[in-house]
Amino acid sequence: MDLDVAQVRAFVHTAEELHFGRAAGTLGISQQALSKRIARLESLLGTELFQRGGNGVRLTEAGQRFLPPARQTVAAADTAVAAATDEERPLHVDVWGHLYAPMRTLAQVAGRAGELALGHGRDLPSVTTALLNGDIDAAFGRVHPPLPAGLAHRLVRLEPVDAVLSADHPLAAEPALRPDQLRDSTLWAPGALDRLDFLHRFADRFDIQNTATSVNLGLVHFLAEVTADPRRFSLMPADVPLPQVPGLRSLPLVDPTPLYAWSLLWRTGNSHPGLNDLAAACAEEAGRSRWLEYDPTRDWLPEPPTNHPRRGSKQH
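This text gives an overview of the structure that appears in the document. (Residues numbered from 1 in each chain as written. Predicted model: local features only at pLDDT ≥ 70, side-chain atom pairs only at ≥ 80, totals over all residues. Heavy atoms only, no water.)

Residues of helix H7 (residues 197–205) that are buried: Asp197, Phe198, Leu199, Phe202 and Ala203. The first or second residue beyond H7 is aspartate 207, which carries a positive phi of 55°. (Buried < 20%, exposed > 50% of the residue type's maximum accessible area, 1.4 Å probe, protein only. Helix = DSSP H or I, 4+ residues; strand = E, 2+ residues; numbered from the N terminus.)

Take a look at the structure:
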C-alpha cells in the first residue's frame, strides 16, 4: 500500500484542527479539495478516520491510531525533500516559558551549536504539536509528563528559584525563606494554574492554599502586580535579570530549594545535523557551569532526575 503524502498531510492538519475549513486554510487549498484527499485516503485504508456529524468532527479510533505515525510520515517526507535538494537550513528551535527568560540559557550555547533560527512557542502542548508536524526541529523549556509518543528530551539545566514579593510583605525582611513559610501568602500566577505545571506543583507540595491569576502582559507588569498587594508572592528563576520595579524584593528559597528544570525537546528520527550540535553544546555547558547538580536532601523538583551529579555547598 503506497500512501500519498499530500493526503496524509491533509489528514494530519484536519486531525489537529478538527475543522475542515481551518485545515484547508492552513494548507492553502479549498475545503472541497481537502475533503477529496481525506476521502481518498480513507478509501485506500479501508476505514473511516473521522466521525462527521452535528457535533463537529472527531477522530475515530482508527484515526487516533493513525495520527502519530502519520505525523512522522509527513515529517520524514519533508526531511527527505530537504536532503535530496541539498537544502541547508538553520535548526529551527522554539522556546516557551517566556516570563522565565529561556533565551538566557540558549545564548550561552548558541555560538557552539551551528546556525539557529529561534522562535517562540505558546506552551508545551503547542511546541509538541509543532515538533510532531515537523514545523520546528527542537524546543527548549520546562518538560513534564505526559509527552506524546515520538518525542525525546534531555535535561539541560536545573535552576534555583527565588521568591519575589513586595517590600511590605510580612516576610520581606528575612534573608531567606523556606517554602512552607509562604503557606499563608497568595501565590500570584501569570495565567491559569492548571496550565503552569511548576507553580501548580509547588502550591500542592508546600500547601499554598491561596492562589490568584493574572494576564501575562510581560515581566514588568507581572512583578508590579505582585508588589501591589503585600500578601502576594511569586517564583522566579534566580538568574533572571529583574527589572527595576519599585518595592520589589527577591529572596532565596532554602530547605528545600526549588529547582526549575530546563530541557531540550525534539522529535525522534530528526536527522538535522544541527540537533546533535545543539545537544552536545548544552551538555558541554552543563558540565562546565554545573547546571545539573541536584541534592535530594536540599533541593526540590517535581520530577527528580536520575543519574544526576549531586549538588555541593549552595551559594545564593
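With that out of the way, let us pick up a nonpolar patch on the surface. Residues Met1, Leu3 and Leu44 make up a contiguous nonpolar surface patch of about 300 Å² in total accessible area. Position of leucine 3 among the secondary structure elements: in the segment before helix H1 (5–17). (Patch = residues over 30% accessible without salt bridge, like charges linked within 9 Å, V, L, I, M, F, W, Y side chains within 5 Å. Areas by Shrake-Rupley, 256 points an atom, 1.4 Å probe, with all protein chains shown as cover. Salt bridge = Lys/Arg side-chain N within 4 Å of Asp/Glu carboxyl O.)

What follows is about the pattern of salt bridges. The tally for this structure, following the rule as stated, stands at 19 salt bridges. A salt bridge links arginine 122 to aspartate 123; the nearest nitrogen and oxygen atoms lie 3.7 Å apart. Given a relative accessible area of 65%, arginine 122 falls into the exposed group. Judged by its relative accessible area of 12%, aspartate 123 is buried. One network of salt bridges, in which partners are shared, links Arg112, Glu284, Glu285 and Arg288.

Axis separation between H1 and helix H3 (residues 31–45) bottoms out at 8 Å; the angle between their running directions is 110°. Judged by the inter-axis angle, H1 sits roughly perpendicular to H3. Note on element contacts: H3 touches H1 through Leu34, Arg37, Ile38, Arg40 and Leu41, opposite Ala6, Gln7, Val8, Ala10, Phe11 and Thr14. (Axes fitted to C-alpha atoms, helices over the stretch in contact; angles between N-to-C directions. Parallel < 35°, antiparallel > 145°, perpendicular 65-115°, else oblique. Contact = heavy atoms within 4.5 Å.)

Overall, the coordinates contain 12 aromatic pairs when judged by the stated rule. Where phenylalanine 11 meets phenylalanine 50, the ring centres are 5.4 Å apart and the plane angle is 50°; that geometry is what we call tilted. Note that phenylalanine 11 is positioned in helix H1 and phenylalanine 50 in strand S1 (residues 50–53), a separation of 39 residues in sequence. Of the two residues examined, phenylalanine 11 and phenylalanine 50, each falls in the buried class. A ring pair is formed by tyrosine 100 and tyrosine 260, whose centres lie 4.9 Å apart and whose planes are at 80°; its orientation type is edge-to-face. Within this pair, whereas tyrosine 100 is found in the loop between strand S3 (91–95) and helix H5 (103–107), its partner tyrosine 260 is found in strand S11 (residues 257–267), the two being separated by 160 residues in sequence. Across the pair, exposure class does not vary: tyrosine 100 and tyrosine 260 are buried alike. (Phe/Tyr/Trp six-rings, centres within 6.5 Å; stacked < 30°, edge-to-face > 60°.)

It is worth stressing that arrangement in space is one thing and function is another; only the former is reported here.
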